[in-house]
Amino acid sequence: MISSVEAWLQGTSVAAFMIQNPWAWAICESLHFVGLCCLLGPVVLMDVRMLGAARSVPLSALHGLVPFAVAGFVLNLVTGAMFIAATPEQYLHNPVFYLKMLFIGLAGANVLVFHGAGIFSQVVALGPGDAPVARAKVLAAVSLLLWLGVIAWGRLMPFLSAGVEGAS
Amino acid sequence: MEFFYWLEATSLATWINASPSVFAFPAILLTHTVGLTLLVGTTVVIDLRLLGFAAGAPIASMREFFGLFWAGLVLNVSSGLLLVIARAGSVVVNPAFWVKLAAIALALGTFFGIRRIVFRDPPPAGAPAPASARGLAIASMALWLVAITAGRMMAYVEEALMYGGF
């Protein structure tokens with residue numbers, strides 16, 4: 001199954017483009033870091049606010065920056081997909097890659113719980129100086145740990161993949 | 001140059017380069033990425049606020065995030081120094097490294113400029129940031145973009161310098 005996906009990805013024009021243009025790879029890597037900062041700037045600051053720091057900042061205002069975070073996420077989804085299309089053998093057999101995807105999924109689930117369980121409506125009503133909600137503190141701490149994990153799995157992937165066939 | 005060759009021959013540099021431990025070179029790189037996220041992530045939010053986004057937050061309140069900015073800067077100056085020590089000889093002849101350093105110096109300059117213009121004497125609640133601060137906010141984001149790109153390019157430029165071609 002994986003090998004047919006791999007063969008299909010290697011035949012795409014995106015793969016050809018990435019392999020024929022070494023600078024495209026370097027630019028996508030830079031953009032992957034830019035996207036990371038756009039995504040996690042608003043996320044980390046909202047989490048820190050929910051944990052009880054920076055109380056003079058209304059959470060509702062920070063929440064207005066979510067479109068920038070989404071833009072950063074989309075940028076990383078696109079550049080990340082380009083890496084996978086170009087060298088699927090480095091990712092699709094690699095447990096560290098799936099751990100990173102799992103952590104991204106869990107971070108997404110954390111956002112869904114935050115909105116679905118009514119915690120968002122509680123915290124967004126917090127004004128300057130208001131103490132945070134206990135359940136929101138837990139979700140914020142979980143969010144910070146999950147994103148730290150995403151960065152760690154991504155950054156350490158080349159070093160933890162020594163035994164993976166096809167990984168550099 | 002002698003000094004930089006001596007630097008990359010020190011036992012600290014050898015440990016960073018040669019240790020198979022994930023706590024040597026990989027952990028330093030990871031720290032550099034976490035610091036980048038804190039430093040530039042926080043800066044981008046402050047810059048966006050000055051440009052008029054998240055207007056519900058008083059500009060003066062963004063000061064509360066300066067701690068995250070400093071934490072990111074400390075992480076990256078220290079991890080960055082270790083990364084430079086490890087490969088001092090090749091880093092100092094890498095033009096991408098000097099572009100990165102110049103961009104960082106100018107970006108920090110925009111931070112101090114912004115701090116002087118809007119955080120010493122913040123505009124009244126609801127008032128927009130002065131045009132000079134908005135200009136510095138745009139420059140700040142552009143300079144961090146250059147710093148990140150030049151940093152990423154260092155490996156490619158080093159390879160090109162060693163083997164020729166890209």
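Sequence order as written defines residue numbering, which begins from 1 separately in each chain. In the order they appear in the text, chains get letters beginning with A and ligands get numbers beginning with 1. Residue-level local features of this predicted model are given only where pLDDT is at least 70; pairs of side-chain atoms are given and counted only at 80 or more, and the full residue set underlies all totals for whole chains, interfaces and linings. Each side-chain value is worked out from all heavy atoms of the structure, with water and hydrogens disregarded.

What follows concerns the overall build of chain B. Counting secondary structure elements, chain B contains seven helices and zero strands. Helices and strands in chain B line up, N terminus first, as α-α-α-α-α-α-α. Along the longest, intermediate and shortest principal axes, the C-alpha atoms of chain B span 55 × 30 × 25 Å. Looking at chain B residue by residue over its 166 residues, the buried ones come to 47%. Taking the contacts inside chain B whose residues are at least 6 apart along the sequence as the reference set, 79% of them involve residues at least 24 apart. Accessible area for chain B stands at about 8000 Å²; split by element, carbon and sulfur atoms hold 72% of it. Side chains of chain B give 9 positive and 7 negative charges; the mean places of these two sets differ by 12 Å. The helix and strand labels rest on DSSP assignments: H or I over at least four residues marks a helix, E over at least two residues marks a strand, and numbering proceeds from the N terminus. Only protein chains enter the accessibility calculation, which uses a 1.4 Å probe; a residue whose area is less than 20% of its type maximum is buried, one above 50% is exposed, and one in between is partly exposed. Should any heavy atoms of two residues lie within 4.5 Å, those residues are counted as being in contact. The protein chains shown are the only cover counted for residues, whose accessible areas, like all others here, come from Shrake-Rupley with a 1.4 Å probe. Asp and Glu are treated as the negative residues and Lys and Arg as the positive ones, with His and the ends of the chain left uncounted. By convention, the point assigned to a charge is CZ for Arg, NZ for Lys, CD for Glu and CG for Asp.

Our next topic: the overall build of chain A. Secondary structure summary: chain A contains nine helices and zero strands in total. Traced from its N-terminal end to its C-terminal end, chain A shows the element sequence α-α-α-α-α-α-α-α-α. C-alpha extents for chain A along the principal axes are approximately 55 × 30 × 25 Å. In chain A, buried positions account for 49% of the 168 residues. Total accessible area on chain A is roughly 7800 Å²; 74% of this is exposed by carbon and sulfur atoms.

As a further point, take the interface of chain A and chain B. Each partner contributes to the interface: chain A provides 33 residues, whereas chain B provides 31 residues. The term buried area denotes the loss of accessible surface (1.4 Å probe radius) that occurs when two parts are joined, taken as the sum for both partners. Of the roughly 2900 Å² buried between chain A and chain B on both sides combined, carbon and sulfur atoms contribute 83%. For chain A, the biggest contributors to the area lost against chain B are Cys-37, Leu-45 and Arg-155 of chain A; these three give 19% of the whole. Within this document, salt bridges are pairs made up of a side-chain nitrogen of Lys or Arg and a carboxyl oxygen of Asp or Glu, the two lying within 4 Å of each other. Where chain A packs against chain B, one counts one salt bridge. Arg-152 of chain B is paired through a salt bridge with Glu-29 of chain A; the nearest N and O atoms lie 3.1 Å apart. Each polar contact in these results corresponds to two N or O atoms within 3.5 Å; when the atoms are within protein, one needs to be able to donate a hydrogen and the other to accept it, and residues that are neighboring in sequence are counted only if both atoms are side-chain atoms. Linking chain A with chain B are four residue pairs in polar contact (both at pLDDT 80 or more).

Let's shift gears to the packing of helix H3 (residues 22-50) of chain A against helix H3 (residues 25-50) of chain B. The relative placement of two packed helices is expressed as an angle between their axes plus a distance between the axes. Close contact between H3 of chain A and H3 of chain B brings their axes to 7 Å; oriented N to C, the two are set at 70°. In terms of orientation, H3 of chain A lies roughly perpendicular with respect to H3 of chain B. Considering how the two elements wind past one another, H3 of chain A and H3 of chain B form a crossing that is right-handed. The segment H3 of chain A lies against H3 of chain B, with Phe-33, Leu-36, Cys-37, Leu-40, Gly-41, Pro-42, Val-44 and Leu-45 of chain A engaging Thr-33, Leu-36, Thr-37, Leu-38, Val-40, Gly-41, Thr-42 and Val-45 of chain B. Residues are sorted three ways: Asp, Glu, Lys and Arg are charged, Ala, Val, Leu, Ile, Met, Phe, Trp, Tyr, Cys and Pro are nonpolar, and all the rest, Gly among them, are polar. Considered class by class, the residues forming the contact of H3 of chain A with H3 of chain B number eleven nonpolar, five polar and no charged. Lines fitted to C-alpha atoms define the axes, with helix axes restricted to the stretch in contact, and inter-axis angles between N-to-C directions lie between 0 and 180 degrees. Working rule for angles: under 35 degrees goes down as roughly parallel, over 145 as roughly antiparallel, 65 to 115 as roughly perpendicular, anything else as oblique. For any pair of crossing helices, the crossing counts as left-handed if the nearer helix is rotated counterclockwise from the farther one by less than a right angle, and right-handed if it is rotated clockwise.

Attention shifts here to the packing of aromatic side chains. All names here are of chain B. Any two rings among Phe, Tyr and Trp, with Trp reduced to its six-membered ring, count as a pair given centres within 6.5 Å; such a pair is stacked if its planes are under 30 degrees apart, edge-to-face if over 60, and tilted if neither. In the structure shown here, the tally under the stated rule is 18 aromatic pairs over all chains. Aromatic side chains Phe-69 and Trp-70 sit 5.2 Å apart centroid to centroid with 80° between the ring planes, which places their arrangement in the edge-to-face category. Exposure remark for Trp-70: the relative accessible area of 31% places this residue in the partly exposed category. Measuring from centroid to centroid gives 5.5 Å for Phe-111 and Phe-112, while their planes differ by 70°, and the two rings are edge-to-face. One aromatic cluster in this structure is built from Phe-66, Phe-69, Trp-70, Phe-111, Phe-112 and Phe-119.

Inspection of the secondary structure puts Arg-155 of chain A in helix H9 (residues 134-160). Of the buried charged residues, Arg-155 of chain A lacks a salt bridge, with Glu-29 of chain A as the closest side chain of opposite charge at 7.0 Å. Ignoring anything within four residues of it in the chain, the contact list for Arg-155 of chain A reads Phe-33 of chain A together with Leu-29, Leu-30, Thr-33 and Arg-152 of chain B.

Confidence per residue, as judged by the predictor, is encoded in pLDDT with a range of 0 to 100. For chain B, the mean per-residue pLDDT works out to 94, and 99% of the residues sit at or above 70. The complex model carries a pTM of 0.94, and its ipTM stands at 0.95.

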